Amino acid sequence: MSGLTVKVKQGSIRGTTGTNLDGDTFYKFLGIPYAKPPVGPLRFKAPQPAESWEGTRDCTHDGNQCVQKIFGIKTIGSEDCLYLNVHVKDLSTKAKPVMVFIHGGAFIMGNGTQEMCGPEYLMTQDIVLVTLNYRLGLFGFLSLEDTSLEVPGNAGLKDQALGLKWVHENISSFNGDPNNTTIFGVSAGGASVQFQLLCSSNKGLFQKAIVQSGSVFDPWAWGQRNVLQVAEKLGLNAANEKEALKVLMEAKTEELLSAAYEISDDLLTVSKRRPFGPIIEKPNSTAFLTEDPKVLIASGRYNQVPLIQGICSNEGHLMELMHVLNSAITFNKEGSLVPWHLQAKGKGTTWAEKVKNYYYQNQDPEAEHTHLSDVGFVAGTIYSMKLLLGSISQPVYFYLFDYETDCIKAFKKGIKLDGSPGVGHGQDNCYIFSTKMFAGPSPPLTDEDKRAIKTMVKIWTDFAKNGNPLSLWEPLEKGKELRYLKIDRELKMQEGLFPERVRFWEQLYEEAGGVDLFAHENGGS
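A brief report on the enclosed structure follows. As the structure is a prediction and not an experimental result, all values here were calculated from the model.

As for the overall build of the chain
Helix and strand content of the chain: 13 helices and 16 strands. At 22 Å, the chain has a C-alpha radius of gyration in line with the 24 Å of a compact globule built from 525 residues. Dimensions of the chain, computed from C-alpha atoms along their principal axes, come out at roughly 65 × 60 × 45 Å. The buried share among the 525 residues of the chain stands at 61%. Contacts spanning at least 24 positions in sequence make up 77% of the contacts within the chain whose residues lie at least 6 apart. Approximately 19800 Å² of the chain is accessible, and the part contributed by carbon and sulfur atoms is 48%. Looking at the chain, you have 53 positive and 60 negative side-chain charges, and the mean spots of the two groups are 3 Å apart.

This is the structure we're talking about:
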């Protein structure tokens, strides 16, 4: 490495510098292509590795974000968006631990740029940090039944996997250790990390994982096959998938995005499967996932690595953020009583009444927050933990994030949640990355905020460095009470996470025989 010029497999790149939380300089290489632009004949297809270039590529600015509508309202981005950013604190030592972040955004929005993934906090530690974009919504998760059409689904997850392969092949050029890589993500990014664990072709590309507020068993984490519906929104009553795909391939980006958003996406209404998201593919040459995750985990056929997984103390605050942002995404409690992936076996009405009575009979002002927390995040997370403990040979650490400092208090006041207890969905990530995506410039960090940032950054990066996140943090044990680290001003081990609420959902899951991830996958409801 010479100055700010680095040689990667595809050619030379020139980076720039930034300033971390402590005021020290770090190096950043932005907008590096890890795949060919997925445009023209490559639209909707599995990604292909980036081509080489001549000369030195300017990597001092973020690459394009993937095309999306922010909260269903403002359109931004481009289909040419498969870029990643690399950040490194200093260039003096080699074999640094590598951390690769997968952003959240419900598989329909978000990005890996400095706007959403500001690296200033993590760059106080001697690591290499990678953030990446992946295709979203219709562009990343269109799925067809006919595998000969080469759009079997999961293109967005395949983007992430190709990004991981790029990191493995190139990160030593930035003094990173390709054999000490931790993948981590929040919300849809957290679910994505679990999806990456399930992909057999990823073996060896990462050695540790951190899953924040997301799981493959959360009902919002799945899409379905509906290319005929999209074609219909574009004005064609297609006879088959081939006809429909031809229309989609010829349509303009804006037309496709508008058509996709005409199909109802009940993100927070968990009784309905979402239109675009991960899916279990038919066997094909580019397959990412072709088997039921339950079966893969139970049989141990997944990437078994040391794992941190956790949630925030009041995930349900997410609904208030949507309200304040005038989002089209709302929480329908009547439509969220029984998740689509729990097969009621004739007991749907009974279960719905049971859920309604459990959360709403006492007119608790926090009832909707608690309900959304549990049905959207807690139940799926606990289900995944119990399954993993049945087969994993590596340590699994669980946490509850409840560290409410000045920046979160200010955020809660802004979304009219002053009196609501706990920390909302994704708020643990505010202590790992600086972000400007949702609220514009944040108020100056207080000393309390900085202490929380230092705490989170140290735990996460210590785990990335050596797999040991904190000396007092005990890994889970199969068959024993679920013990977790409560991350607050004081770090302490506790047991019995929301015991009554967790047991309520465990009983429903047991009665259903677990989740059915094949249900309603072809446009059913």
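Focus on the packing of helix α2 (residues 155-170) against helix α3 (residues 188-198)
α3 packs onto α2 with a crossing angle of 70 degrees between their chain directions and a minimal axis gap of 10 Å. Comparing the axis directions of α2 and α3 gives the class roughly perpendicular. Where α2 abuts α3, its residues Leu157, Gln160, Ala161 and Leu164 lie against Ser192, Phe195 and Gln196. Of the residues belonging to the contact of α2 with α3, the class tally is four nonpolar, three polar and no charged.

Here's the deal with the nonpolar core
In terms of nonpolar packing, the biggest core is built from 131 residues, with Phe107, Phe174 and Trp505 touching the most fellow members. Per-element tally for this core: the top contributor is helix α10 (residues 367-389), with eleven residues. Ignoring sequence-local partners within four residues, the contact set of Trp505 consists of Leu337, Pro339, Leu342, Val355, Tyr359, Asp374, Val375 and Ala379. Ranked by size, the runner-up nonpolar core spans 37 residues in total, among them Ile210, Ile308, Cys312 and Tyr403.

Quick look at the sheet that holds strand β2 (residues 11-14)
For sheets, the rule is that strands pair by backbone hydrogen bonds, running either parallel or antiparallel. Here three strands make up an open sheet; going across it, the order is β1-β2-β5 and the pairing mixed. Each of the sheet's edge strands pairs with one partner strand only, and the pair in question is β1 (5-8) and β5 (56-58). Averaged over neighbouring strand pairs, the angle between their axes works out to 35 degrees when direction is ignored. Across three bridges, β2 lies against β5 in parallel orientation. Across the sheet, the residue bridging to Ile13 is Arg57, located in β5.

Reading guide: rules and limits
Residues numbered from 1 in each chain as written. Predicted model: local features only at pLDDT ≥ 70, side-chain atom pairs only at ≥ 80, totals over all residues. Heavy atoms only, no water. Helix = DSSP H or I, 4+ residues; strand = E, 2+ residues; numbered from the N terminus. Rg over C-alpha atoms; globule rule 2.2 N^0.38 Å. Buried < 20%, exposed > 50% of the residue type's maximum accessible area, 1.4 Å probe, protein only. Contact = heavy atoms within 4.5 Å. Areas by Shrake-Rupley, 256 points an atom, 1.4 Å probe, with all protein chains shown as cover. Lys, Arg positive; Asp, Glu negative; His and termini not counted. Charge placed at Lys NZ, Arg CZ, Asp CG, Glu CD. Axes fitted to C-alpha atoms, helices over the stretch in contact; angles between N-to-C directions. Parallel < 35°, antiparallel > 145°, perpendicular 65-115°, else oblique. Nonpolar A, V, L, I, M, F, W, Y, C, P; charged D, E, K, R; others polar. Core = buried A, V, L, I, M, F, W, Y, C linked by side-chain atoms within 4.5 Å. Pairing = 2+ DSSP bridges.

Honestly, that's just the spatial picture; any functional story needs more than this.
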